[in-house]
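Below are the chains, spelled out letter by letter.
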Amino acid sequence: MRQISPLWIVLALWGAGLGAAAQFGKIAVIYDLIAASYPQAGPTGLGLLVSIVGFTGLVFGTTAGILVQGYGYRRVLVAALALGAVLSGVQALDLPLAVMLALRAVEGVSHLAIVVAAPVLIAQVTPVARQGLAMTLWSSFFAVTFALLALVGRPLAEAFGPGALMAAHGTYMAGFAALLAVLLPADPPSQRVALSFTAVLRQHGHIYASATLAAPAMGFFCYTITYVAVLTLLPPLAGGALQPVLATAMPLVSIAVSLTLGVWLLGRMTAVRAVMAGFAAACAAALILLSFWGHPYGVITGSLIMAGALGLVQGASFAAIPQLNAGGAARAQAAGAVAQLGNLGTTTGTPILSALILSQGSAGLALFVLGFSLLGIVLHLWQAGRRKVA
């Protein structure tokens, strides 16, 4: 049998990641259309339709790392994609809000399994010299998906209704389930994983006490709590003609910097150092915004530097998983922690920043970014010191 190039496997796994990101994005990009379908939902119900997918990762992120490693990466990933396909197919129907919310909650299981299994498989099949590039490519899956959904998914939903987008997503997930079932090598026999509440608490303690398992997740938390909130609230705060410019340019700059400068840096320094460099640049960007808010060119400059800096953190945080953890089990646990703290950041960042902006205006935004960026640097320096002691 002809050996399959790691490049094609990595691209297929990245494609699965795009499908996982679309589990959030397929609702987010048609938020107003969904609101028309569920007029009784109100802001809380509609917000839950988007965010409830992440609740599973918030609660069970590290547990998923244990289960995925025990039952087999290929087996879990293909099953998760198949489950996602079925759920999207059902969501294409005209469903009551309560049923839709229940299906979205179950979809969180599919999402979590994909985002834990896929990066571990990418690290396994990629040569060490190319791991920085491969993990940076993986890290772009959310930003790329939202851009594609805005270009293709929303027009589809506008023309044929939200159900058409759900059906298209289901077809996409089914296609990648079949593709990866063929491309990925078979797993070894699965191991029964018995998890009690005590065992889960013990595993959490083990992961977050480890300077190698927890470091990528801690940096990723400081990234997600900042990036998602800033991308959501900075463009409207800038307002006027700057709003559409920043809303379009910031995610594109983040992706471009991550895949160019980020990959270049990862070839010349460790992933942890690249994360800290990104946070340091984000601090500089926050000071620019603090100093030049109200001046259009100052706002644009600070905003785009911030987006690029956080793009560095994004890619390097995933690259740190295989750099700091040699075995598949450890990488799965680290990826689970990244999923857990990443969901914590995306869930809490926007409300916190919104409250700061209400009380402090633009200064609140700059201080929010400055504070969490400095925290990211301090956490990595602390963990690096612990690794040297150990």
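Keep in mind that what you see is a predicted model, and the values were worked out from it rather than measured.

Cut-offs used in this document
- Residues numbered from 1 in each chain as written.
- Predicted model: local features only at pLDDT ≥ 70, side-chain atom pairs only at ≥ 80, totals over all residues.
- Heavy atoms only, no water.
- Bend = angle between axes of the 7 residues up to and from the residue.
- Helix = DSSP H or I, 4+ residues; strand = E, 2+ residues; numbered from the N terminus.
- Contact = heavy atoms within 4.5 Å.
- Buried < 20%, exposed > 50% of the residue type's maximum accessible area, 1.4 Å probe, protein only.
- Axes fitted to C-alpha atoms, helices over the stretch in contact; angles between N-to-C directions.
- Parallel < 35°, antiparallel > 145°, perpendicular 65-115°, else oblique.
- Left-handed = near helix turned anticlockwise from the far one by under 90°.
- Core = buried A, V, L, I, M, F, W, Y, C linked by side-chain atoms within 4.5 Å.
- Salt bridge = Lys/Arg side-chain N within 4 Å of Asp/Glu carboxyl O.
- Phe/Tyr/Trp six-rings, centres within 6.5 Å; stacked < 30°, edge-to-face > 60°.

**Student:** Hey, could you run me through helix 12 (residues 242–266) in this one?
**Tutor:** Because an α-helix completes one turn every 3.6 residues, residues spaced three or four positions apart along the sequence face the same direction. The sharpest bend along helix 12 measures roughly 35 degrees and falls at S258. On the buried face of helix 12, the contacting elements are helix 7 (131–139), helix 8 (141–160), helix 11 (215–238), helix 13 (271–292) and helix 14 (296–324).

**Student:** What is the right way to read helix 8 from this model?
**Tutor:** Along helix 8, the sharpest kink reaches roughly 45 degrees, centred on L149. Those residues of helix 8 that sit buried are F141, A143, V144, T145, L149, G153 and A157. Of the surrounding elements, those touching the buried residues of helix 8 are helix 1 (6–28), helix 2 (31–37), helix 6 (97–125), helix 7, helix 9 (162–183) and helix 12. Downstream of helix 8 by one or two residues, G161 has phi in the positive range, about 100 degrees.

**Student:** Looking at this model, I keep getting lost on the packing of helix 5 (residues 73–91) against helix 6. Mind explaining?
**Tutor:** Between helix 5 and helix 6, whose axes approach to 8 Å, the crossing angle comes to 150 degrees. Classified by the angle their axes make, helix 5 and helix 6 are roughly antiparallel. Judged by the twist between their axes, the crossing of helix 5 over helix 6 is left-handed. Of the residues in helix 6, those touching helix 5 at Y73, R74, V76, L77, A80, L81, L83, G84, L87, S88, V90 and Q91 are M100, L103, R104, V106, E107, S110, A113, I114, A117, V120, L121 and Q124.

**Student:** Teacher, can you tell me more about the nonpolar core here?
**Tutor:** Generally speaking, soluble globular proteins have nonpolar side chains that are buried together. Formed by 99 residues in total, the largest nonpolar core has its most connected members in L13, L77, L81, L180, L234, M306 and L353. Leave out the neighbours within four places in its chain, and L81 touches A16, I114, M173, F176, A177 and L180. In terms of nonpolar packing, the next biggest core, distinct from the first, is built from 20 residues, I30, L87, L97 and M100 among them.

**Student:** Teacher, can you tell me more about the pattern of salt bridges here?
**Tutor:** Charged atoms that come close allow side chains of opposite charge to pair. One pass over the full model with this rule turns up three salt bridges. Between R104 and E107 there is a salt bridge, and its shortest N-O distance comes to 3.0 Å. Pair noted here: R104 and E107 are both in helix 6, with a separation of three residues, about one helical turn. Note that E158 and R154 form a salt bridge whose closest N and O atoms lie 2.9 Å from each other. Of this pair, E158 and R154 both sit in helix 8, separated by four residues, roughly a single helical turn.

**Student:** Would you take a moment to explain the packing of aromatic side chains for this structure?
**Tutor:** Note on aromatic pairs: each is described by the distance of the centres and the angle between the planes. Enumeration according to the criterion identifies seven aromatic pairs in this entry. Between Y172 and F176, the ring centres sit 4.6 Å apart and the planes meet at 35 degrees, which makes this aromatic pair tilted. Residue Y172 and its partner F176 are located together in helix 9, separated by four residues, close to a single helical turn. Judged by relative accessible area, which is 29%, Y172 ranks as partly exposed. On the numbers, 5.3 Å between centres and 40 degrees between planes, the contact of F220 with Y223 is tilted. You can see F220 and its partner Y223 sitting in helix 11, three residues apart, about one turn around the helix. Since its relative accessible area comes to 5%, Y223 is described here as buried. What links up through ring pairs into an aromatic cluster is the set F220, Y223, Y227 and F318.

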